[in-house]
Amino acid sequence: MHKLSQEIISRRPFEAHLWIIEAPYYHLDRYCLKAGLGPDSAIPLIFRINPDPFDQARLTCPGIKCPRPEAWLKVLAFLHLNYVSFKLYQGSGPEDNPESLSLLKPPVHRELRSILGFVAQNKILELEKFEVLLERAFSLLQKV
């Protein structure tokens, strides 16, 4: 069996996908450190000589800067609990060049979802399940 195939089969369900948070660099970097990740774990989407601290950055799990889901989930919780606007994606493929990305938060607009449903009904159903799970998780975080 091919080495990559063995690696994918041996992963736990969370690790079968890429999980990507996009948020302002200032907040993402701060919460990465607070979650126990190293400096520069938040990767700016656009590299500039004089970066704006509120330019968007990303944190990918599993990835070089965040190999374990526990720290990634802490960062996600910090962003949510502190009302920082962020996007959440699920993807597949290599970290530095994902083959596919699905936006999980904010959710896809209902009208667009119904249009996409004609083409990708299974994917839309999967996204709806994730949306329900995310709402449940975020409401539990609010109660903590």
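A. Inspection of the state of the cysteines at higher detail. Tallied over the entire structure, the rule returns zero disulfides. Left unpaired, Cys61 is separated from the closest cysteine sulfur, that of Cys66, by 4.2 Å. The class of Cys61 is buried, set by a relative accessible area of 0%.

B. Seen up close, the confidence of the model for the protein. Averaged over every residue, the pLDDT of the protein is 78; residues scoring 70 or more account for 67%. At the level of individual helices and strands, the protein shows its lowest average pLDDT in helix H1 (residues 3-10), which scores 41, and its highest in helix H2 (residues 25-34), which scores 96.

C. Structural context of the packing of aromatic side chains. Under the defined criterion, the tally for this structure stands at three aromatic pairs. The side chain of Lys34 reaches across the aromatic face of Phe78, ending 4.8 Å from its centre.

D. Expanded view of the pairing of strand E4 (residues 87-92). Across five bridges, the pairing between strand E1 (residues 18-24) and E4 is antiparallel. When the bridges of E4 are listed, Ile21 appears paired with Leu88. The pairing of E4 with strand E5 (residues 100-105) spans five bridges and is classified as antiparallel. Along E5, the bridge assignment pairs Tyr89 with Leu103.

E. Structural detail: the environment of Ala57. Looking at the secondary structure, you find Ala57 in strand E3 (residues 56-61). When the C-alpha atoms of Ala57 and Glu22 are compared, they prove to be 5.5 Å apart, with 35 residues separating the residues in sequence. Every residue in contact with Ala57, bar those within four places of it in the chain, is listed here: Ile21, Glu22, Ala23, Tyr25, Leu28, Ala42, Ile43, Pro44 and Leu45.

F. Summary view of the side chain of Ser41. Note that Ser41 resides in the loop between H2 and strand E2 (43-44). For Ser41, a relative accessible area of 2% translates into the label buried. Looking at Ser41, its side chain comes within polar contact range of the main-chain oxygen of Gly38, at 2.6 Å. If we skip the residues at most four places from it in the chain, Ser41 touches Cys32, Arg58, Leu59 and Lys65.

Procedures and definitions
Residues numbered from 1 in each chain as written. Predicted model: local features only at pLDDT ≥ 70, side-chain atom pairs only at ≥ 80, totals over all residues. Heavy atoms only, no water. Disulfide = S-S within 2.5 Å. Buried < 20%, exposed > 50% of the residue type's maximum accessible area, 1.4 Å probe, protein only. pLDDT = per-residue confidence, 0-100. Helix = DSSP H or I, 4+ residues; strand = E, 2+ residues; numbered from the N terminus. Phe/Tyr/Trp six-rings, centres within 6.5 Å; stacked < 30°, edge-to-face > 60°. Lys NZ or Arg CZ within 6 Å of the ring centre and 35° of its normal. Pairing = 2+ DSSP bridges. Contact = heavy atoms within 4.5 Å. Polar contact = N/O pair within 3.5 Å; in protein donor to acceptor, adjacent residues only side chain to side chain.

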